[in-house]
Amino acid sequence: MAQATMYFPDDFLWGTATSSHQVEGNNENNDWWQWEQQEGTILEGGRSGRACNWWENAEADLDLAAEMGNNAHRLSLEWSRIEPEPSVFDDAALGRYREILQALHDRGMQPMVTLHHFSNPVWLVEKGDFSVEIVVDYFRRYAEHVVDSLGDLVAQWVTINEPMVYVVARYLEGAFPAPKQRGWGVVPRVLNHLLRCHVAAYEAIKARYPQAPAGVAKNLIVFQPAPPGRGSPLNAWWAARISSLFNDWWMEAMHTGRLRRPLGSGQLRGLQGSFDFVGINYYTRRYCRFGKLYESDWGEDAIVSDGNYGEVYPDGLFQVIKQSLRYGKPIYITENGVPDAADRLRPAFLLSHLREIWRAVSFNWPVMGYYHWSLIDNFEWERGWTQRFGLVELDPESQQRRWRPSGRLYAEICKSFSISSDMAERYAPELMPVLFPG
Ligand code: IFM
């Protein structure tokens, strides 16, 4: 077969994504660090420890990202480093973030910066964190200080990472560090405060850098009714419908400015349209139904990634992009990846998911960039070190790095702004009929 190629736009952003607690190491002053020290909280007793040692030497991995041909990187700031005690701001920590951001620019990568990515200062948790209204003032103050100190080096902002995942894992499931108050009773209040924190940060950014795009990284899951044979179709349809509130509630709130019952009511000042792009974190699909209780899983012939993290379902990326067109804004894939220590699935995962983006840009849909999760293996929250998302493999003990084949593949894609049949032949020949039919 003659060589065939899928081309991406010249200004497409090719990046990877990371977050502070997962890569920096020694974040001793946040709630995750404390939680990790307790027995039974993290799978196989994992601890973030030195993580990827970014606080000491992020530059080493930024060299790898540059070698990978990345022209963008998404990272987060650690609130507990920047404001270790209420209203005490640490200039040395801000200085270190300036170095890291400058290091990105020096290597030709534009930074997308997240203000909140799951971890909290211990002092904030002691005060009741997102269940108490004062958090909005605290978050505004933190955001203002950060934007004043670092804004000249930031290309794009994410106020909050995966707000709904955060609420479910922390306030309902108990998978994340236990807050003072938990359960459904507190959820409407927490969501209200999170939305107001988002607005406060969005306004802080816009007041100082009106041109800097800001938004939220929203985890979108494809929820579908469980296939026939697994219970009543109507019940499965309702289960999927209700589950999709996880996707829609937050996005609709930001779009319309209105809160919907049962999680609130009325218009929230400043919320309507408070995002300049749609940030999509896409990982998987779930089949939903009500059995004795609510259930969601995957199909019998699904390709499932390490530790039963989820089904590999590239089509879903196209679907969530399509659904997001309704907001009429640029779209960034702010995360997409797969836990796969052996790199058994990742090359095909990359090719098949990027093909869905190529389909979208071929329709002239405004998908502007892709941030693969993640550059390097890092501390995967309650699953510790058991799940490896890196294009580069890390041994957290020895701190040795090793390129995975998928990292080499991603480098070829980023450098050429394209996917060729030759790449597919070499990295995932089984995909040829799907990627390059005929
Ligand atoms: O590691 C996480 C990240 O912090 C948020 N999104 C999903 C990733 C993989 O689980």
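This part covers the overall build of the protein. Each helix and strand counted, the protein has 16 helices and 15 strands in total. Its C-alpha atoms give the protein a radius of gyration of 21 Å, near enough to 22 Å, the size a compact globule of 438 residues would have. In the protein, which comprises 438 residues, the share counted as buried stands at 61%. Counting contacts in the protein only where the partners sit at least 6 residues apart, residues at least 24 apart contribute 76% of the total. Of the roughly 17100 Å² of accessible surface on the protein, a fraction of 50% belongs to carbon and sulfur atoms. For the protein, the separation between the mean place of its 43 positive charges and that of its 54 negative charges on side chains is 7 Å.

The next point concerns the pattern of salt bridges. Applying the stated criterion across every chain yields a total of 30 salt bridges. Here Asp-129 and Arg-170 are joined by a salt bridge, their closest N and O atoms 2.8 Å apart. Residue Asp-129 is found in the loop between α6 (122-126) and α7 (134-150), and its partner Arg-170 is found in helix α8 (residues 163-173); the two are separated by 41 residues along the sequence. Here the two residues Asp-129 and Arg-170 agree in accessibility, since each one is buried. When the shortest N-O distance is used, the salt bridge between Glu-295 and Arg-289 registers 2.8 Å. Looking at Glu-295, the relative accessible area reads 29%, which means it is partly exposed. Note on Arg-289: relative accessible area 23%, which makes it partly exposed. Among the charged side chains, a salt-bridge network with shared partners connects Asp-31, Asp-129 and Arg-170.

Another point: the pairing of strand β2 (residues 13-17). Most of β2 sits out of view: 5 of its 5 residues are buried. Along β2, one buried face is formed by Leu-13, Gly-15 and Ala-17 and the opposite face, lined by Trp-14 and Thr-16, is buried too. Pairing of β2 with strand β12 (residues 367-372), which is carried by 4 bridges, proceeds in the parallel orientation. Within β12, the residue paired with Trp-14 across the bridge is Tyr-370. As paired strands, β2 and strand β3 (residues 72-76) are joined by 3 bridges and run parallel to one another. Its bridge partner lying in β3, Thr-16 is registered against His-73.

A separate point is the nonpolar core. Trp-157, Trp-250, Ile-321, Leu-354 and Ile-357 are the most contacted members of the largest nonpolar core, which totals 133 residues. Here this core takes 12 residues from helix α9 (residues 187-208), the largest share from any one element. Excluding residues within four positions of it along the chain, Trp-157 makes contact with Val-113, Leu-115, Val-146, Val-147, Gly-151, Ile-205, Ala-212, Pro-213, Ala-214, Gly-215 and Phe-277. Counting residues in hydrophobic clusters, the runner-up holds 12 residues, among them Leu-13, Val-158, Tyr-283 and Tyr-371.

Between helix α3 (residues 54-67) and helix α5 (residues 91-106), the least distance of the axes is 10 Å, while the angle of their chain directions is 5°. Classified by the interaxial angle, the pair formed by α3 and α5 is roughly parallel. Residues Trp-54, Trp-55, Glu-56, Asn-57, Ala-58, Glu-59 and Leu-62 of α3 form the contact with α5, whose participating residues are Ala-93, Arg-96, Tyr-97, Glu-99, Ile-100, Ala-103 and Leu-104.

Definitions and cut-offs
- Residues numbered from 1 in each chain as written.
- Predicted model: local features only at pLDDT ≥ 70, side-chain atom pairs only at ≥ 80, totals over all residues.
- Heavy atoms only, no water.
- Helix = DSSP H or I, 4+ residues; strand = E, 2+ residues; numbered from the N terminus.
- Rg over C-alpha atoms; globule rule 2.2 N^0.38 Å.
- Buried < 20%, exposed > 50% of the residue type's maximum accessible area, 1.4 Å probe, protein only.
- Contact = heavy atoms within 4.5 Å.
- Areas by Shrake-Rupley, 256 points an atom, 1.4 Å probe, with all protein chains shown as cover.
- Lys, Arg positive; Asp, Glu negative; His and termini not counted.
- Charge placed at Lys NZ, Arg CZ, Asp CG, Glu CD.
- Salt bridge = Lys/Arg side-chain N within 4 Å of Asp/Glu carboxyl O.
- Pairing = 2+ DSSP bridges.
- Core = buried A, V, L, I, M, F, W, Y, C linked by side-chain atoms within 4.5 Å.
- Axes fitted to C-alpha atoms, helices over the stretch in contact; angles between N-to-C directions.
- Parallel < 35°, antiparallel > 145°, perpendicular 65-115°, else oblique.

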